[in-house]
Amino acid sequence: MVNAPDINGLRADLEAEALRLGFAALGIAPAAEDARAAGRLADWLAGGNHGAMGWMADREHHRRSPQGLWPDARSVIALGMSYAPAGDPLALANAGERARISTYAQGADYHDVVKKAEKALARWLVEQAKKRGLGDIGVKVFVDTAPVMEKPLGMAAGLGWQGKHTNLVSRSHGSWLFLGAIYTTLDFAPDAPGRDRCGNCHACQDACPTQAFPAPYRLDARRCISYLTIEHKGPIPEEFRRAMGNRIYGCDDCLAVCPWNKFASEAQRLRAFLPRAELAAPRLAELLALDDAGFRRLFSGSPIKRIGRNSFIRNCLIAAGNSGDQALLAQAQALQADPDPVVAEAATWAARQIMQA
Ligand code: B12
Ligand code: SF4
Ligand code: SF4
């Protein structure tokens, strides 16, 4: 005799399995459209805040709700994986000859790590649903790159809330969660949504070196150093070069000052996200010497490989210019002859800054 289907029991075991696979948080949200989140996405796009990330607007109809992407979806399993750093991510702010790589990119590529764990969890769920008399269910796994609103879904599933820096903040893990989502045809009971606990705090807004928040909870990506160093192609606009300091890939400043980080524990972080020794405090001189093959070798398995050598060297040259370090002048001058015009222009700027320092 088959027992009556027990979806609540499955939910409890799902959570245990997720923890076993390395996730630090799991919650369930409905797959139906949240009109407020969809409206905010539309406003954000209409304001041009996505800059040249045309892919954000291209599939808005899919992004605005899980059922917009997959009409059969009934529930969203929202997942968080911790990458809480051991030290202060802002410690190298004044170390001019060193480059700062944002915490999320110092270890293994989270796209690979989170997706692998999500696939294992989804496989487990399909098998268990069958075993427990819930039939053949559908699942789809997402992390980052699909048209999925991971932050509002994480909040709807109770993982935390979207802070004034717009990222999801967790009471237990601070700002240091990677997010992912599994859409499923299973109709789980949803969790209570997260509640905003920012209160009167505005530390993240004050910390932003480029004033990228026109208002709390709203980011103008075009001003954000993360966007400029990772997503933006072409020359970095002059007005942001000084403010970039020695940040060459992403930016942690608004995340790092959040008071909720004090509850985040390094022990929750997967080993895969431990900083690679050569990426924790790299010397600009070594990075500026990378050719295409050297770049690929150094960043194999890292999210940084996606921007390619030319954008990476462009970023390093801005940092070199900001360092004013005379020891970097010869390298900057040599890169003025680089075949890539964006690299050559950044090299000219850097050489000028160093000579004037
Ligand atoms: C596009 C994108 C970017 C862009 C734009 C960022 C942004 N804030 O939208 C850029 C390149 C700048 C970027 C940067 C970073 N990103 Co990013 N990015 C994404 C991506 C692909 C989509 C985000 C999105 O949908 N934006 C669109 C807008 C509409 O959504 P929104 O942020 O939710 O903004 C709305 C709310 O703030 C809301 N709102 C307005 N008022 C109010 C009021 C209240 C009370 C509330 C609750 C909400 C609210 O309306 C806004 C629109 O105005 C997601 C992955 C994914 N598929 O979701 C990762 C993601 C958000 N990024 C992530 C990370 C880690 C980063 C960086 C920290 C990386 C780094 N260290 O450099 C920075 C952080 C910069 C910042 N302060 O946001 C993580 C965040 C994890 C988390 N805990 O939240 C994600 C989820 C990737 C992942 N899978 O883990 N990113
Ligand atoms: S990531 Fe840096 S530049 Fe972007 S909003 Fe946060 S503090 Fe500002
Ligand atoms: S720094 Fe303050 S305002 Fe910003 S997300 Fe954290 S608690 Fe909210």
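Residues numbered from 1 in each chain as written. Chains lettered and ligands numbered in written order. Predicted model: local features only at pLDDT ≥ 70, side-chain atom pairs only at ≥ 80, totals over all residues.

Visitor: I'd like to hear about the overall build of the chain, residue by residue, with values.
Guide: Tallying secondary structure elements over the chain gives 17 helices and eight strands in all. Radius of gyration (C-alpha) of the chain: 22 Å, near the 21 Å computed for a compact globule of 357 residues. When its C-alpha atoms are laid out on the principal axes, the chain stretches across 80 × 40 × 35 Å. Taken over 357 residues, the chain has a buried fraction of 43%. Taking as baseline every contact in the chain between residues at least 6 positions apart, the subset at least 24 positions apart corresponds to 78%. (Helix = DSSP H or I, 4+ residues; strand = E, 2+ residues; numbered from the N terminus. Rg over C-alpha atoms; globule rule 2.2 N^0.38 Å. Buried ≥ 20, exposed ≤ 12 C-beta atoms within 10 Å, placed from the backbone. Contact = placed C-beta atoms within 7 Å.)

Visitor: An account of the site of ligand 2 is needed here, citing residue identities and associated values.
Guide: Lining the immediate environment of ligand 2, one finds 13 residues, of which C208, C224, C251, D253 and C254 sit closest. Breaking the shell around ligand 2 down by element, the ones donating at least two residues are α9 (225-231) and α11 (253-256). Looking at the shell around ligand 2 residue by residue, the class counts come to nine nonpolar, three polar and one charged. (Near = placed C-beta within 6 Å. Nonpolar A, V, L, I, M, F, W, Y, C, P; charged D, E, K, R; others polar.)

Visitor: Pulling in residues and values, what's your account of the domain arrangement of the chain?
Guide: Considered domain by domain, the chain is made up of domain 1 (4-86 + 107-184) and domain 2 (207-254 + 276-356). Summarising the inter-unit geometry, the C-alpha centres of domain 1 and domain 2 are found 31 Å apart. On the domain 2 side, the residues contacting the 14 residues of domain 1 number 14 residues. Across the side of domain 1 that touches domain 2, the residue classes break down as four nonpolar, eight polar and two charged. (Domains from an automatic or database assignment.)

Visitor: Tell me about the packing of helix α15 (residues 308-323) against helix α17 (residues 341-356), and name the residues and values.
Guide: At a minimum axis separation of 8 Å, α15 and α17 run at an interaxial angle of 10 degrees. Taken together, the axes of α15 and α17 lie roughly parallel to each other. In this structure, α15 uses N310, I313, R314, L317, I318, A320, G321 and N322 to contact α17, whose residues at the interface are V342, V343, A346, A347, W349, A350, Q353 and I354. Among the residues forming the contact of α15 with α17, the class breakdown is 11 nonpolar, four polar and one charged. (Axes fitted to C-alpha atoms, helices over the stretch in contact; angles between N-to-C directions. Parallel < 35°, antiparallel > 145°, perpendicular 65-115°, else oblique.)

Visitor: Give me the pairing of strand β2 (residues 75-82): which residues, what numbers.
Guide: For β2, a buried count of eight out of eight residues is recorded, marking the element as mostly surrounded by other parts of the structure. The alternating pattern of β2 places S75, I77, L79 and M81 and V76, A78, G80 and S82 on opposite faces, both of which are buried. Examined bridge by bridge, strand β1 (residues 25-30) and β2 share six bridges and lie antiparallel to one another. Looking at β2, one finds that A29 is bridged to V76. Sheet topology note: the β2/strand β7 (residues 177-184) ladder contains eight bridges and is antiparallel. Looking at the pairing, I77 lines up with I182 of β7. (Pairing = 2+ DSSP bridges.)

Visitor: Can you break down the site of ligand 3 residue by residue, with the values?
Guide: With respect to spatial proximity, 13 residues lie near ligand 3, and among them G163, C198, C201, C204 and C258 are the closest. Of the residues that constitute the shell around ligand 3, the class distribution is nine nonpolar, three polar and one charged.

Visitor: Quick rundown of helix α6 (residues 110-131)? Include the residues and the values.
Guide: Here α6 is 22 residues long and its end C-alpha atoms lie 31 Å apart, about the 32 Å a rise of 1.5 Å per residue gives. Among all positions of α6, only Y110, V113, V114, A117, E118, L121, L125 and A129 are buried. All buried residues of α6 project into a common sector of 120 degrees when viewed along the axis, lining one side. Residues of α6 that are exposed and angled more than 90 degrees away from the buried face: R123, E127, K130 and K131. In this structure, the buried residues of α6 make contact with α1 (7-20), β2, β4 (139-142) and β7. Trailing α6 by a residue or two, G133 shows a phi angle of about 80 degrees, which is positive. (Expected span 1.5 Å × (residues − 1). Arc of directions from axis to C-beta.)

Visitor: For the packing of α1 against α6, give the residues involved together with the corresponding values.
Guide: Their axes nearest at 11 Å, the elements α1 and α6 cross at an angle of 155 degrees. By the angle between their directions, the pair α1 and α6 is classed as roughly antiparallel. Every pair of crossing elements has a handedness; the one defined by α1 and α6 is right-handed. Two secondary-structure elements touch here, α1 through L10, D13, L14, E17 and A18 and α6 through L121, W124, L125, Q128 and A129. Taken together, the residues of the contact of α1 with α6 sort by class into seven nonpolar, one polar and two charged. (Left-handed = near helix turned anticlockwise from the far one by under 90°.)

Visitor: Outline the environment of D88, listing residues and values.
Guide: Secondary-structure assignment places D88 in the loop between β2 and β3 (100-101). We classify D88 as exposed; it has 11 C-beta atoms within 10 Å. When the C-alpha atoms of D88 and A319 are compared, they prove to be 20 Å apart, with 231 residues separating the residues in sequence.

Visitor: Just give me the short version of α1, but keep the residues and values in it.
Guide: Helix length check: α1 (14 residues) gives 20 Å between terminal C-alpha atoms against 20 Å at 1.5 Å per residue, within 8%. G22 lies just past α1 and shows a positive phi near 110 degrees.

Visitor: Can you lay out the environment of A350 for me, pointing to particular residues and giving the numbers?
Guide: With respect to the helices and strands, the residue A350 is situated in helix α17. On the basis of neighbour count, A350 is assigned to the buried category, with 30 C-beta atoms found within 10 Å. Along the sequence, A350 and N322 sit 28 residues apart, while their C-alpha atoms lie 7.4 Å from each other. Contact partners of A350, with chain neighbours within four places excluded, come to L317, I318, A320, G321 and A332.

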